[in-house]
Amino acid sequence: MTSDQILMAPETAHPTLRAAVSGLPSYVPGRRSAGEDIAALASNESHYEPLPAAAAAVAEAAGKMNRYPDMAAVELRERIAGHLAVTAGEIAVGPGSVGVLQQIITGVCDAGDEVIFAWRSFEAYPILVELAGARPVRIPLDDAEGHDLDAMAAAVTDRTRIVLLCTPNNPTGVPISHERIEAFLRSIRSDVLVVIDEAYVEYAEAGTGPDSLALYREYPNVCILRTFSKAYGLAGLRVGYAVAAPAIAEGLRRTAIPFAVTALAQKAAIASLDAADEMQARVAVVKQERSRLAAQLAAQGWKLQPSQGNFLWIRADDDLRARLVAAFDQADIMVRAYQGDGVRITVADPASNDRVLQVMTAVLAACAA
């Protein structure tokens, strides 16, 4: 066959994606708009500008961004370890807590293994599980919009490798108490890794959720997952971490994409830890606004569970959900809608929250008309 014949040969095949990838649902990010008067309440970001110390650290680090970051993130891991009274060997970092979670699933699960989680919860869970070739096991939330731990324990099989517990749960805001998680840990096999996902832990009132570090110290199969994206305000830099038994943490570091956590992110995270008091002051204001917004919505007649995140959850069928989204769009407010389930609204500054109240009042009036 001549070279011309090879070039003219009919195409008989083409590269294809794995079936598991082709069938994945796309992760739906929070909706965005470039308008000047848009209230961006869809992604649970901090509405504050970055902490001054973090911004200064990024500016300084930017002068060296021609160099690769520390792949092992030694300084950041040591600072996190000191903050939590653990060792650096128990810390693994990644590009946001979702990046670390991908490392966890990749490091623990083989094809066909099972990962159990509540549903609805963080929508990246089933995507990451299926991408790894494992099988997602969704357990419906209970009537209070929280985790049904009895049903989750009953769902554990010989193929179960991981259980994900999101507290406070995203998107419903409902926490899981320390006592309930401890009872759950006692009821399942000790070789099942239980990941306590605490992306919003800083917003939770003391005593509403677990003392996850105490559980970790008592149960070696516990892994804690946290992030700098929410309360610390580093969503745009992507840095999160896990606390896990040294052998597990070492495995997570091995599965990480090299240099995934940038030098800017590492320096900003360290500076943020040093500015914890300022972060807590900001969180206190968000908590006050959360309480005010929830109380006024309840007074209007909306039914919602007490949230321990920086957001509120409105359970709604598709008709009400469509009404809410349309009304918020008309008012230039971006919220997060979940088909068949409801709407999540990030708590922001008082002015934005007042706009939310106005929309909710109008929707309720329209529904009653």
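You'll find the structure just up there.
Conventions we followed
- Residues numbered from 1 in each chain as written.
- Predicted model: local features only at pLDDT ≥ 70, side-chain atom pairs only at ≥ 80, totals over all residues.
- Heavy atoms only, no water.
- Helix = DSSP H or I, 4+ residues; strand = E, 2+ residues; numbered from the N terminus.
- Buried < 20%, exposed > 50% of the residue type's maximum accessible area, 1.4 Å probe, protein only.
- Pairing = 2+ DSSP bridges.
- Axes fitted to C-alpha atoms, helices over the stretch in contact; angles between N-to-C directions.
- Contact = heavy atoms within 4.5 Å.
- Salt bridge = Lys/Arg side-chain N within 4 Å of Asp/Glu carboxyl O.
- Core = buried A, V, L, I, M, F, W, Y, C linked by side-chain atoms within 4.5 Å.
- Phe/Tyr/Trp six-rings, centres within 6.5 Å; stacked < 30°, edge-to-face > 60°.
- Parallel < 35°, antiparallel > 145°, perpendicular 65-115°, else oblique.
- Left-handed = near helix turned anticlockwise from the far one by under 90°.
- Nonpolar A, V, L, I, M, F, W, Y, C, P; charged D, E, K, R; others polar.

*Asks:* Explanation requested: unusual backbone geometry in the structure shown.
*Replies:* Where the residue is not glycine, phi is negative for most of them; where a peptide bond is considered, it is trans in most cases. With an omega of 15°, the peptide bond running from tryptophan 119 to arginine 120 counts as cis. Within the fold, arginine 120 resides in the loop between β3 (114-119) and α6 (124-131). Note that the residue after threonine 167, namely proline 168, is joined by a cis bond; omega there is -10°. Here proline 168 lies in the loop between β5 (160-166) and α8 (178-187). Residue asparagine 44 is not a glycine yet carries a positive backbone phi of 60°. When you line up the elements, asparagine 44 lands in the loop between β1 (39-40) and α3 (52-62). Taking the relative accessible area as the measure of exposure, asparagine 44 reaches 0% and is therefore buried.

*Asks:* Even after reading the chapter, I still don't get the sheet that holds strand β11 (residues 336-338), so can you show me in this structure?
*Replies:* In sheet architecture, strand pairing relies on hydrogen bonds along the backbone and comes in two forms, parallel and antiparallel. A sheet is described by the order of its strands in space; here 3 strands give the open sequence β9-β12-β11, paired in antiparallel fashion. With partners counted over all chains shown, the strands left at the sheet margins are β9 (311-315) and β11, one partner each. When the angles between neighbouring strand axes are averaged without regard to direction, this sheet yields 20°. Here 3 bridges tie β11 to strand β12 (residues 342-346), and the two strands are oriented antiparallel to one another. For tyrosine 338, the partnering residue across the bridge sits in β12 and is glycine 342. Helix α13 (residues 318-330) contacts β9, β11 and β12 of the sheet and is inclined by roughly 35° relative to β12.

*Asks:* Where do I start with the pattern of salt bridges in this structure?
*Replies:* Pairing is possible between side chains of opposite charge, provided their charged atoms come close. In this structure the tally under the stated criterion is 22 salt bridges. Note that aspartate 113 and arginine 159 form a salt bridge whose closest N and O atoms lie 3.0 Å from each other. Here aspartate 113 is found in the loop between α5 (96-108) and β3, whereas its partner arginine 159 is found in the loop between α7 (149-154) and β5, with 46 residues between them in sequence. Residue class for arginine 159 comes out partly exposed when judged on its relative accessible area of 39%. Linking glutamate 205 and lysine 287 is a salt bridge whose minimum nitrogen-to-oxygen distance equals 3.9 Å.

*Asks:* Sorry if this is basic, but what is going on with the nonpolar core here?
*Replies:* It is characteristic of soluble globular proteins that their nonpolar side chains tend to be buried jointly. Among the nonpolar cores identified, the biggest contains 76 residues, and Ile80, Leu165, Phe228, Leu324, Phe328, Ile345 and Met360 are the most heavily contacted of them. Residues in contact with phenylalanine 328, not counting those within four places in the same chain, are Ile333, Val335, Ile345, Val356, Val359 and Met360. If you look at the next biggest cluster of nonpolar residues, it comprises 26 residues, including Phe117, Tyr125, Ile162 and Leu164.

*Asks:* Honestly, the packing of aromatic side chains in this entry has me stumped. Any pointers?
*Replies:* We describe a pair of aromatic rings using the distance from one ring centre to the other and the angle between the two ring planes. As enumerated under the stated definition, the model contains 8 aromatic pairs in all. Each ring, one from tyrosine 68 and one from phenylalanine 259, has its centre 4.5 Å from the other, and the planes form 25°; the classification is stacked. Residue tyrosine 68 is found in the loop between α3 and α4 (74-84), and its partner phenylalanine 259 is found in the loop between α10 (246-255) and α11 (263-274); the two are separated by 191 residues along the sequence. In this structure phenylalanine 259 comes out as partly exposed when scored by relative accessible area, which is 33%.

*Asks:* Looking at this model, I keep getting lost on the packing of α4 against α11. Mind explaining?
*Replies:* One can describe the packing of α4 onto α11 by two numbers: an axis separation of 9 Å at closest approach and a directional angle of 20°. Classed by the angle they form, the pair α4 and α11 counts as roughly parallel. Every pair of crossing elements has a handedness; the one defined by α4 and α11 is left-handed. In this structure, α4 uses Glu75, Leu76, Arg79, Ile80 and His83 to contact α11, whose residues at the interface are Gln266, Lys267, Ala269, Ile270, Leu273 and Asp274. Partitioning the contact of α4 with α11 into residue classes produces 5 nonpolar, 2 polar and 4 charged.

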